[in-house]
Amino acid sequence: MCIRDRLQVAASDRVRISGLSLDRLTSSSAPRIAVRQCAGRVAFVDVVSEQLSYTSNPNIDESVALIEDSNNVHFEGCRFEGSSASGPQVWQQGSTGMEVINSRVWCNGCSTAGGPGYEGYGGAGIRASSGSFVHLSRTTAMGGAGGAHIGFYWWDIYAYSGEEAVSVANSELVVAGGTDNHIEGGAGGNAGTD
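Parameters at a glance
Residues numbered from 1 in each chain as written. Predicted model: local features only at pLDDT ≥ 70, side-chain atom pairs only at ≥ 80, totals over all residues. Heavy atoms only, no water. Helix = DSSP H or I, 4+ residues; strand = E, 2+ residues; numbered from the N terminus. Contact = heavy atoms within 4.5 Å. Areas by Shrake-Rupley, 256 points an atom, 1.4 Å probe, with all protein chains shown as cover. Buried < 20%, exposed > 50% of the residue type's maximum accessible area, 1.4 Å probe, protein only. pLDDT = per-residue confidence, 0-100. Core = buried A, V, L, I, M, F, W, Y, C linked by side-chain atoms within 4.5 Å. Pairing = 2+ DSSP bridges. Axes fitted to C-alpha atoms, helices over the stretch in contact; angles between N-to-C directions. Phe/Tyr/Trp six-rings, centres within 6.5 Å; stacked < 30°, edge-to-face > 60°.

Draft legend 1. Highlighting the overall build of the protein chain. In terms of helices and strands, the protein chain carries one helix and 21 strands. Across the protein chain, every contact between residues at least 6 apart in sequence was considered, and the portion connecting residues at least 24 apart equals 80%. With an accessible surface of roughly 9,400 Å², the protein chain has 46% of that area assigned to carbon and sulfur atoms.

Laid out in structure tokens, this is it:
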């Protein structure tokens with residue numbers, strides 16, 4: 001679902017999407033939810049996207065929710081789980097739970113998690129860049145766990161690191177609400193032989 005492709009949201013408009021659940025049956029390399037170039041207020045309430053597993057495309061690095069060039073996007077009680085690659089020789093990192101680019105986003109009572117890597121790095125829970133503002137309250141952000149590759153020889157055994165819960169570049173992050181928030185990076189992969 002891409003708000004811009006389906007709806008043109010002007011500065012005076014308000015859009016509310018509530019109770020939507022995206023299950024594990026549909027896979028795509030595109031974001032499952034995309035809000036692009038929206039000047040008006042867009043609110044998501046109780047929207048859930050479950051984790052997908054990819055077995056055939058090793059180049060998927062899309063976020064579950066993408067907010068780009070939008071000024072007033074709100075999430076309330078939403079849950080976004082980043083996708084993971086699964087299957088031998090799928091050298092893939094987990095995808096990002098939420099990506100915010102040049103946008104203003106508020107999350108309240110939400111949960112975002114980066115997908116785990118299979119033979120790759122984990123995905124970030126939230127990634128903000130290009131002058132974005134992200135406000136979190138009563139929200140959980142988890143980085144995806146890294147995977148491990150175990151080959152046929154000793155030099156072909158290595159682990160990938162987990163990803164950060166929140167990655168911020170040239171942007172502002174506000175975490176409000178104290179202990180009602182939980183932010184935790186992903187664990188590294190285990191390439192042990194035991």
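Draft legend 2. Local environment of the environment of Val105. For Val105, the position within the fold is in strand 12 (residues 104-108). The buried category is assigned to Val105, whose relative accessible area is 0%. Here the alpha-carbon distance between Val105 and Val134, two residues 29 residues apart in the chain, equals 4.9 Å. When neighbours within four sequence positions are excluded, Val105 is seen to be in contact with Ile67, Val73, Phe75, Met98, Val100, Phe133, Val134 and His135.

Draft legend 3. Summary view of the confidence of the model for the protein chain. For the protein chain, per-residue confidence averages 82 on the pLDDT scale, and 79% of positions sit at 70 or higher. When mean pLDDT is taken per element in the protein chain, strand 12 scores highest with 98 and helix 1 (residues 3-6) scores lowest with 53. In this model residues 55-59 is a low-confidence stretch, pLDDT under 50, and it forms seven contacts with partners more than four residues away in sequence or in other chains.

Draft legend 4. Structural view of the nonpolar core. Core analysis: the largest hydrophobic core is formed by 29 residues, its most contacted members being Phe44, Ile67, Phe75, Phe80, Met98 and Val105. Not counting residues up to four positions away in its chain, the partners in contact with Met98 are Ser63, Ala65, Ile67, Phe75, Phe80, Val105, Cys107, Thr112, Gly125, Ile126 and Arg127.

Draft legend 5. Structural detail: the sheet that holds strand 8 (residues 73-76). Pairing within the open sheet is parallel, and its six strands lie in the order 1-4-8-12-15-20. In the strand order of this sheet, the two ends are held by strand 1 (14-18) and strand 20 (172-176), each with one partner. The average undirected angle you get between the axes of adjacent strands in this sheet is 10°. Bridge count between strand 4 (residues 41-45) and strand 8: four bridges; the pairing is parallel. Across the sheet, the residue bridging to Val42 is Val73, located in strand 8.

Draft legend 6. Summary view of the packing of aromatic side chains. If you walk through the whole model with that rule in mind, you get three aromatic pairs. Pairing Phe44 with Phe75 gives two aromatic rings, centres 5.1 Å apart and planes at 10°, and the pair type is stacked. With Phe44 in strand 4 and Phe75 in strand 8, this pair connects stretches of sequence that are 31 residues apart. The exposure classification of Phe44 matches that of Phe75, with both residues buried.

Draft legend 7. Main features of the sheet that holds strand 7 (residues 65-68). Taken in spatial order, the five strands line up as 3-7-11-14-19 in an open sheet, and their pairing is parallel. The sheet terminates laterally at strand 3 (33-36) and strand 19 (166-169), the two strands that pair on one side only. Within this sheet the neighbouring strands show an average axis-to-axis angle of 5°, counted without direction. Bridging between strand 7 and strand 11 (residues 98-101) involves four bridges; their strand directions are parallel. Following the sheet pairing, Ala65 is matched in strand 11 by Met98.

Draft legend 8. How the structure looks around unusual backbone geometry. Of note in this structure, Asn102 is not a glycine but carries a positive phi near 50°. As for its position among the elements, Asn102 is in the loop between strand 11 and strand 12. Judged by relative accessible area, Asn102 falls into the partly exposed class, the value being 38%. Positive phi outside glycine occurs at Asn170, with the angle close to 50°. Among the secondary structure elements, Asn170 is positioned in the loop between strand 19 and strand 20.

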